[in-house]
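Structural characterization, general
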Amino acid sequence: MHNVLEPVLLLLAASVIVVVLCRQLRQPPILGYLLVGVVIGPHAFGWIQESTGSEVLGEIGVVFLMFSIGLEFSLGKLKAMRHSVFGLGSAQVIISLLSLTLLGILIGLEWQSGLAIGGMIAMSSTAIVSKLLSERMELESPHGRQIFGVLLFQDLSVVPLLILIPALASNPSSKALFMQLGIAAVQATIVLVIVFYLGDKLLRRWFHLVARQKSSELFILNVLLVTLGIAWLTAQAELSLALGAFLAGMLISETEYRFEVEDSIRPFRDVLLGLFFVTIGMKLNILTIWQHAGWIAIFLLLLIPGKMLMIAGLGKAFGLPAGVSLRTGIYLAQAGEFGFVLLALATQSGQQLLPDYLQQSLLSAMVIAMFVAPLLIQKSDKLVLKFVKSEWMSQSLQLTRIAMQSMDSEGHVLICGYGRSGQNLARLLAQENVPFMALDLDPERIAEATAAGESVVFGDAGKKEALLAAGLKRASAVVVAFSDTHLAQKIMSHVQSIRPELPIIVRTVDGTDIDKLKDAGAAEVVAELQEGSLMLASHTLMLLGVPLSRVIRRIRQTREEQYALFKGFFVGESDVQESGADINQPRLHTVHIPPGASAVGKTLSTLNFERIDVEVRAIRRRNTRTVSPEAETEILSDDTLVLLGTPETLSLAESLLLQGH
């Protein structure tokens with residue numbers, strides 16, 4: 001038993017430490033899992049040996065990943081992005097497959113091996129790219145839309161590759177291969193008909209039946225049963241488990257349970273997928289890297305500059321601006337999660353499609369490319385400005401366009417972000433005849449708003465030049481109308497360096513970052529959750545007959561105290577499940593003082609809770625509740641104290657009250 005438990009504990013400890021480190025360095029956890037596999041695997045310290053059990057669990061992780069892809073698949077989404085998906089996306093994958101097949105033949109490989117390598121190199125990392133696009137507020141930018149179109153086609157292309165690569169790995173003759181592929185196509189068609197015809201009719205009714213039982217455990221068990229059951233069905237038809245999971249996801253995506261299912265499987269998917277990447281890392285023999293340095297360099301050239309230039313060239317061929325094309329290429333110039341899935345499929349025991357030296361070289365290059373990707377993307381603006389001469393002109397024209405529209409504005413409000421909050425603010429300002437200028441990065445939204453005559457332009461509020469062009473020096477106030485603390489701090493830094501006296505109003509989701517935003521220079525911070533609570537309370541009080549003047553005074557007092565009244569809350573299981581609440585956030589906790597407790601007879605000032613950052617919010621004594629008790633209040637037996645603090649400090653406070661230490 002001990003021998004079984006030790007490697008599990010070692011794997012968990014290494015994973016937690018490395019993934020925390022990746023989070024601190026703002027790197028994707030995938031890189032952490034790969035690094036864990038490299039370090040603890042048989043080719044480094046050898047703490048854990050490869051086993052069939054770990055590979056099976058890792059494969060189930062891939063099943064859940066494909067299930068998630070199927071769950072997010074939408075014909076409407078595909079139709080809306082059809083030009084980038086079936087244009088640039090299909091061209092990138094097809095050219096990668098054909099060019100690598102030809103290159104493989106030229107260097108003496110079998111064409112099957114070249115085609116498999118082409119499929120692996122064609123993939124890009126959805127996890128890395130989507131995270132960085134979100135952080136840089138570029139999801140709705142022209143290159144952001146092209147990138148997601150390409151990534152969507154890459155995800156779709158994995159489905160036929162999951163059928164093709166095992167067929168290639170069996171290494172039959174050309175005639176036998178086409179016959180095998182034909183049989184696989186027939187099997188896939190039969191499975192599709194059975195799954196979609198019967199599944200669509202039965203699945204919705206079955207989920208209705210399960211949901212009516214109102215049991216979360218039963219619902220999760222049912223999701224696991226459906227996902228793994230359909231995957232098993234495709235495996236019986238000699239197709240991959242991952243293909244069946246993709247079909248299961250597509251089926252459930254058409255039901256009203258899609259989002260609840262996604263939340264239910266996320267923990268299983270993330271943990272098991274992490275294990276899959278650990279097993280991939282365990283395959284990497286770092287001792288042989290120098291032996292295969294030449295091949296690694298070749299694969300890196302194909303993955304980074306080669307892929308970047310190919311996508312940039314295809315973008316130009318499809319009529320995209322040079323800057324957008326190159327940015328798209330830079331963002332997609334790395335290996336992807338599905339590249340590792342295809343590599344594992346091509347190197348399964350008994351059907352080695354690639355020789356060992358190519359496996360190690362390609363695996364090393366893919367890992368290195370994923371580590372390099374965030375650094376390359378962060379430098380994308382400088383690279384585009386350096387290599388695309390028209391980008392300077394394009395940015396100058398954009399700034400000129402902003403400056404021309406703001407030229408007549410004086411004493412206007414500069415709105416950063418024109419989503420719902422920004423538009424609602426603009427309507428109220430217009431009613432008061434207060435001029436405004438809005439900056440946004442969504443071309444479709446800007447086109448619609450501009451056509452309606454609203455004062456909004458395309459521009460990145462995170463750039464000092466865009467703020468200046470929008471008339472920052474003549475503005476009367478700046479409003480950050482989106483809830484992104486990091487970008488809000490960046491905008492405030494620019495404003496402070498140019499107009500330190502200018503008031504800045506910032507929107508945030510809750511009160512977590514109020515102090516941080518205030519320290520950065522915000523005159524006012526509007527917390528959505530707290531403001532919603534204030535409105536709820538004010539309407540309730542007025543309907544109960546409380547005078548309007550008293551309600552307004554209470555609201556003003558709460559705001560002046562920076563929502564101190566709303567700090568902390570009693571945490572339940574639903575809070576953690578629904579919001580993924582940070583465990584270190586302040587919360588409320590009740591402590592009952594039994595007879596004989598150390599705190600009985602002592603005053604609050606004697607206990608000195610301030611030294612451990614705990615606040616006594618209230619004391620309940622014989623059905624009487626005293627809010628914000630005085631420092632000299634004496635604690636009696638059977639009192640109940642309401643404390644505010646973090647889980648760690650609350651534990652210290654409870655120990656101090658009950659045991660005296």
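So, here is what we can say about the structure in this document. What you see is a predicted model; the values in this text were computed from it and never measured.

**Remarks on the sheet that holds strand S6 (residues 524–527)**
With parallel pairing, the 6 strands of this open sheet are ordered in space as S3-S2-S1-S4-S5-S6. The open sheet has two free edges, formed respectively by strand S3 (456–458) and S6, since each of these has just one partner strand. Each neighbouring strand pair of the sheet contributes to a mean axis angle of 20°, computed without reference to strand direction. As defined by bridge partners, strand S5 (residues 504–508) adjoins S6 across 4 bridges and the pair is classed as parallel. Residue Thr508 lies in a different strand from S6, and its bridge partner there is Ala527. Packing of helix H22 (residues 485–498) onto the sheet brings it into contact with strand S1 (413–416), strand S4 (477–480) and S5, and relative to S5 it is tilted by some 175°. Its contacts with the sheet place helix H24 (residues 528–543) against S5 and S6, and it is angled at close to 70° to S6.

**As for a nonpolar patch on the surface**
Taken together, Val186, Ile190, Ile194, Trp232 and Leu233 make up a surface patch of nonpolar side chains, about 480 Å² in accessible area. In terms of residue count, the dominant contributor to the nonpolar patch is helix H9 (residues 174–211) (3 residues). Relative to the helices and strands, Leu233 resides in helix H10 (residues 216–236). Judged by relative accessible area, Leu233 falls into the partly exposed class, the value being 34%.

**Remarks on the pairing of strand S9 (residues 624–627)**
In the sheet, strand S8 (residues 615–621) pairs with S9 via 4 bridges, with the strands oriented antiparallel. For Arg621, the partnering residue across the bridge sits in S9 and is Thr624. Here S8 folds back onto S9 in antiparallel fashion, the turn holding 2 residues, of which Arg622 has a positive phi close to 50°.

**Let's talk about the sheet that holds S8**
Across a sheet, strands are paired by hydrogen bonds formed along the backbone, either parallel or antiparallel in direction. What the 4 strands build is an open sheet, ordered S7-S10-S8-S9; its pairing is antiparallel. What marks the edges here is a single partner per strand, and that holds for strand S7 (587–592) and S9. When the angles between neighbouring strand axes are averaged without regard to direction, this sheet yields 20°. Here S8 pairs with strand S10 (residues 640–645) via 5 bridges, running antiparallel.

**Digging into the pattern of salt bridges**
Tallied over the entire structure, the rule returns 7 salt bridges. The salt bridge partner of Asp440 is Arg445, with a shortest N-O separation of 3.2 Å. With its nearest N and O atoms 3.5 Å apart, the salt bridge here joins Glu615 to Arg617. A relative accessible area of 39% places Glu615 in the partly exposed class. Judged by its relative accessible area of 13%, Arg617 falls in the buried class.

**Describing helix H11 (residues 241–253)**
Between its first and last C-alpha, H11 extends 19 Å over 13 residues, near the 18 Å set by a 1.5 Å rise per residue. For H11, the full list of buried residues reads Ala242, Leu243, Gly244, Ala245, Phe246, Leu247, Ala248, Gly249, Met250, Leu251, Ile252 and Ser253.

**Things to note about the pairing of S5**
What you see with S5 is a clean split: Ile504, Val506 and Thr508 sit on the buried side and Ile505 and Arg507 on the side with no burial. Pairing between S4 and S5: 3 bridges, direction parallel. Bridge pairing in S5 places Val478 opposite Ile504. A crossover connection joins S4 to the parallel S5 through H22; in handedness this β-α-β unit is right-handed.

Definitions and limits used
Residues numbered from 1 in each chain as written. Predicted model: local features only at pLDDT ≥ 70, side-chain atom pairs only at ≥ 80, totals over all residues. Heavy atoms only, no water. Pairing = 2+ DSSP bridges. Helix = DSSP H or I, 4+ residues; strand = E, 2+ residues; numbered from the N terminus. Axes fitted to C-alpha atoms, helices over the stretch in contact; angles between N-to-C directions. Contact = heavy atoms within 4.5 Å. Patch = residues over 30% accessible without salt bridge, like charges linked within 9 Å, V, L, I, M, F, W, Y side chains within 5 Å. Areas by Shrake-Rupley, 256 points an atom, 1.4 Å probe, with all protein chains shown as cover. Salt bridge = Lys/Arg side-chain N within 4 Å of Asp/Glu carboxyl O. Buried < 20%, exposed > 50% of the residue type's maximum accessible area, 1.4 Å probe, protein only. Expected span 1.5 Å × (residues − 1). Right-handed = clockwise from strand over helix to strand, strands pointing away.

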